[in-house]
Amino acid sequence: MEEIVEEVTELYKQGDWKTIVKKFRTHPNRNKVLWVFPTEENFKFIGNCMVKLHCEAIVSVGCGSGLLEWMITEATGYPISGIEVDGAWWHCKYAPPTFIPLLLTNQKLDKEIVTLLGNCHRTALLFCYFNNGPAFKEYLDKFSGNVLIIIGPGDGKSVHTDPRPFGDVPDQWILHESQEVESTKDYIAVYYRK
Ligand SMILES: C[S@@+](CC[C@H](N)C(=O)[O-])C[C@H]1O[C@@H](n2cnc3c(N)ncnc32)[C@H](O)[C@@H]1O
């Protein structure tokens, strides 16, 4: 196992998310487990947005290892479900560790996922470094909730995601608030619709 994966897994077992975010935010191999390591202030920001927008849970699409999702729950107390696309990757012996149970789906969304998205009252939909525009539109189409969180690179970061935190969200979504992750040019953008 890669050194960073081992260290993060050990800290996860100790419940020490604060050291994970401090230690690995700028680590060159951080993408092995997570693309963005938010600050403690960022987690507070997410928690405050959840309160202001009357949300009680999060569904995270393309959650990868689920490390971010586990840390959000540790830091804010909100429960999170993580969705990943099914594939040989998650079943092979080189698969990364997972920090929350994954709900697996086909690219064409499984019935259970469509049902979950249709029952998202008081639930926010999260995309972190998601990079599949057509799938993003499909998830959003099926989503019955009113809060959307996008984490990803802003202008000048020279990394591509789809959706980006700003500029890729349909018109009915209104920007509630956003916050940068330190000075990394990664942003957390929180939207709502009426
Ligand atoms: C760049 S990774 C980001 C992973 C994680 N959110 C992070 O920040 O570390 C994008 C993830 O989206 C997943 N993905 C792509 N298409 C998907 C789909 N249709 N449904 C669910 N997940 C999908 C990929 O398998 C991949 O794990």
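So, here's what we can say about the structure. Everything numeric here is computed off the predicted structure, so don't read it as measured data.

### Observations regarding the sheet that holds strand β1 (residues 57–61)
Strand-to-strand pairing in sheets goes through backbone hydrogen bonds, with the strands running parallel or antiparallel. Taking strand neighbours across the sheet as the criterion, the seven strands line up as β3-β2-β1-β4-β5-β7-β6 in an open arrangement whose pairing is mixed. Two strands lie at the open edges of the sheet, namely β3 (102–105) and β6 (174–180), each paired on one side alone. Each adjacent strand pair in this sheet contributes to an overall mean axis angle of 20°, direction not counted. Looking at chain direction, strand β4 (residues 123–128) and strand β5 (residues 147–153) are connected through five bridges and run parallel. The partner of leucine 125 across the bridge, within β5, is leucine 148. Contacts between helix α6 (residues 111–118) and the sheet are confined to β1, β2 (80–85), β3 and β4, with β3 contributing the most and set at about 120° to the helix. Across the sheet, helix α7 (residues 133–142) is in contact with β1, β2, β3, β4 and β5; its angle to β4 comes to roughly 175°.

### Topic: the pairing of β6
In regular strands, side chains alternate between the two faces of the sheet. Sheet topology places β6 next to strand β7 (residues 186–192); six bridges connect them, and they run antiparallel. Paired with leucine 175 across the strands is tyrosine 191, a residue of β7. Taking the residues between adjacent antiparallel strands as the criterion, β6 and β7 are bridged by five residues, where glutamate 182 takes a positive phi near 45°.

Rules used in this analysis
- Residues numbered from 1 in each chain as written.
- Predicted model: local features only at pLDDT ≥ 70, side-chain atom pairs only at ≥ 80, totals over all residues.
- Heavy atoms only, no water.
- Pairing = 2+ DSSP bridges.
- Helix = DSSP H or I, 4+ residues; strand = E, 2+ residues; numbered from the N terminus.
- Axes fitted to C-alpha atoms, helices over the stretch in contact; angles between N-to-C directions.
- Contact = heavy atoms within 4.5 Å.

Everything listed here is a matter of coordinates, which is why it stays silent on function.
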